[in-house]
Amino acid sequence: LENGSLSIIVLGASGDLAKKKTFPALFNLFRQGFLQPEEVHIFGYARTKISDDDLRSRIRGYLIREKDASPKDLETVNEFLQLIKYVSGSYDSAEGFQLLDKEISENEVAKNSAEGSSRRLFYLALPPSVYPSVCKMISHYCTNKIDLSGWTRIVVEKPFGKDLESAEELSSHIGELFDESQIYRIDHYLGKELVQNLLVLRFANRLFLPLWNRDNIANVQIVFREDFGTEGRGGYFDQYGIIRDIIQNHLLQVLCLVAMEKPISLKPEHIRDEKVKVLQSVLPIKDEEVVLGQYDGYKDDPTVPDDSNTPTFATVVLRIHNERWEGVPFILKAGKALNSRKAEIRVQFKDVPGDIFKCKKQGRNEFVIRLQPSEAMYMKLMVKQPGLEMSTVQSELDLSYAQRYQGVTIPEAYERLILDTIRGDQQHFVRRDELKAAWEIFTPLLHRIDDGKLKPLPYKSGSRGPTEADELLEKSGYVQTHGY
Ligand code: BG6
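Residues numbered from 1 in each chain as written. Predicted model: local features only at pLDDT ≥ 70, side-chain atom pairs only at ≥ 80, totals over all residues. Heavy atoms only, no water.

Student: Outline the packing of helix α1 (residues 16–31) against helix α11 (residues 413–423), listing residues and values.
Tutor: Close contact between α1 and α11 brings their axes to 8 Å; oriented N to C, the two are set at 65°. By the criterion of interaxial angle, the relationship of α1 to α11 is roughly perpendicular. Handedness of the α1/α11 crossing: right-handed. Here Leu 17, Lys 21, Thr 22, Ala 25, Leu 26, Asn 28 and Leu 29 of α1 come into contact with α11, specifically with Tyr 414, Glu 415, Ile 418 and Leu 419. Its residues assigned to classes, the contact of α1 with α11 comprises seven nonpolar, two polar and two charged. (Axes fitted to C-alpha atoms, helices over the stretch in contact; angles between N-to-C directions. Helix = DSSP H or I, 4+ residues; strand = E, 2+ residues; numbered from the N terminus. Parallel < 35°, antiparallel > 145°, perpendicular 65-115°, else oblique. Left-handed = near helix turned anticlockwise from the far one by under 90°. Contact = heavy atoms within 4.5 Å. Nonpolar A, V, L, I, M, F, W, Y, C, P; charged D, E, K, R; others polar.)

So, in structure tokens, the structure goes:
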């Protein structure tokens, strides 16, 4: 990392995201030596009037499980907490941001050697409704000043808008204040180990290169399942629904990495150029290739209206109109309150032509990449059933990370992505044109849902979701395999 002072400002410091994700990620970076106490200062900013110590004690419990912590760990927690200061102010008040700037500047002077630079990272752990005013305040009052070699960067969380129009409005607003190279749009799925592995898997293995296309692949599923409901987030969730919450961002980003062409290099812009091309090749979604669901009990949340039409489950088939993928359905499926928690990619291959073993019914080759829990990749293969008979059985080549990489800690997505923002690497962040293309795909469907033209089917909490979704899967050519 560069020299000089680094100020990390978490706006919305008393909110859920900051407590559960941002501060713990910063703590992990600190503990691994990526944030040096002589350089770094962390500021929390929010409206609530509390003291530095109040903020510290609010986040303390999220950093580490104290009952398993060693005295050394506890000492590290205390050192980290001492780096945090709190400034309170509203999200549109000049005084608040002037005060914040004063605090940051004072620390910079204290921590900055004469030739060091001033680096300011603003993390917006805030609802998007306040992005415009907060960005304006930052750009007016808080950008780095003491030298030109430093930088100011801002990190924004989804949801970036609610549809194409609102997202574009937000993008132009922020775009007038900051250059694209200063804006880091986080999609935390891009920080997951097995998502980051996709490029290596696809482009560093000769094995996959000739297979990865419409000649061999029958269908691709990208699945997100959660075994809990909206739990206290009903009010937020109801305005967005599962498509805006998971599919338009997390699953679509994964789809890009599965489907894109090989970038000409690993430069962030080259990779992002290829992702945009995939998104721009997606055909309009057809209503008959969509199944929506809403779990029973969703509307019991008092913050959810009784007549809510918001889907908590969706299966949507996307079709990519290009030479590699024409005819291959990409089935994106996400749901809350289902029977398990899992995120995975399933690439199903076509049947073997001229099946001399008559084993077609036993299943097809399938390559599964499990993003979570228990990261793994496994390939379903037909093998001879061991023994005297010549019969076939489906088995698996299995690379399970916990076994293969024993003792290796897989970093949290947020930890990795925050480090990238400090390093200035935008590869795993969503570029403005990518965001626009993603909204273009889903906006017509979302408007049909918002207008009540498409309705979610009821499903039982703790089930697989509406059975119509399984029927759509089958209609799209997915063949259930039974394995062994
Ligand atoms: C968030 C969604 O972006 O991702 C949540 O808003 C969801 O609804 C979460 O629970 C899932 O993240 P992960 O990393 O637990 O799969």
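Text resumes after the structure shown.
Student: Lay out the UniProt feature "domain: Glucose-6-phosphate dehydrogenase C-terminal" (unreviewed entry) in the chain in plain terms, naming residues and giving numbers.
Tutor: The UniProt record annotates "domain: Glucose-6-phosphate dehydrogenase C-terminal" (unreviewed entry) at residues 199–478. Annotation note: span residues 199–478, helix share 31%, strand share 23%, distance between end C-alpha atoms 25 Å. (UniProt positions renumbered as here; feature names shortened; annotations may be inferred.)

Student: Please give an account of the sheet that holds strand β10 (residues 329–335) that cites residues and values.
Tutor: In spatial order, the strands read β14-β13-β12-β11-β7-β10-β9-β8-β15; together these nine strands make up an open sheet with mixed pairing. Whereas interior strands pair on both sides, the edge strands pair on one side only; in this sheet they are β14 (392–400) and β15 (457–459). Neighbour to neighbour, the strand axes of the sheet diverge by 20° on average, direction disregarded. Bridge analysis of strand β7 (residues 217–225) against β10 gives six bridges, and the strand direction is parallel. Note that in β10 the partner of Ile 222 across the bridge is Leu 332. (Pairing = 2+ DSSP bridges.)

Student: Any details on the side chain of Thr 392? Residues and values, ideally.
Tutor: For Thr 392, the location among the structural elements is in strand β14. The class of Thr 392 is buried, set by a relative accessible area of 16%. (Buried < 20%, exposed > 50% of the residue type's maximum accessible area, 1.4 Å probe, protein only.)

Student: Break down the packing of aromatic side chains for me, with residues and values.
Tutor: Taken as a whole, this structure holds 15 aromatic pairs when the rule is applied. One aromatic cluster in this structure is built from Phe 237, Tyr 295, Tyr 298, Phe 313 and Tyr 459. Between the NZ or CZ atom of Arg 153 and the centre of the ring of Trp 151, over which it lies, the distance is 3.7 Å. Here Lys 192 stacks its cationic end above the ring of Tyr 189, 4.5 Å away from the centre of that ring. (Phe/Tyr/Trp six-rings, centres within 6.5 Å; stacked < 30°, edge-to-face > 60°. Lys NZ or Arg CZ within 6 Å of the ring centre and 35° of its normal.)

Student: I'd like to hear about the pairing of strand β2 (residues 40–46), residue by residue, with values.
Tutor: Burial analysis of β2 places seven of its seven residues in the buried class, which makes it a mostly covered element. Burial along β2 is two-sided: Val 40, Ile 42, Gly 44 and Ala 46 facing one way and His 41, Phe 43 and Tyr 45 facing the other are all buried. Two elements, strand β1 (residues 4–11) and β2, share six bridges in a ladder whose sense is parallel. Its bridge partner lying in β2, Ser 7 is registered against His 41. The β-α-β motif built from β1, the intervening α1 and the parallel element β2 has right-handed crossover chirality. (Right-handed = clockwise from strand over helix to strand, strands pointing away.)

Student: Tell me about the sheet that holds β2, and name the residues and values.
Tutor: The sheet built from six strands is open, its strands ordered β3-β2-β1-β4-β5-β6 with parallel pairing. The open sheet has two edge strands with one neighbour each: β3 (84–88) and β6 (183–185). Strand-to-strand twist across the sheet, computed as the mean angle between neighbouring axes with direction ignored, equals 20°. Running at roughly 170° to β2, helix α4 (residues 94–111) makes contact with β1, β2, β3 and β4 (117–124) of the sheet.

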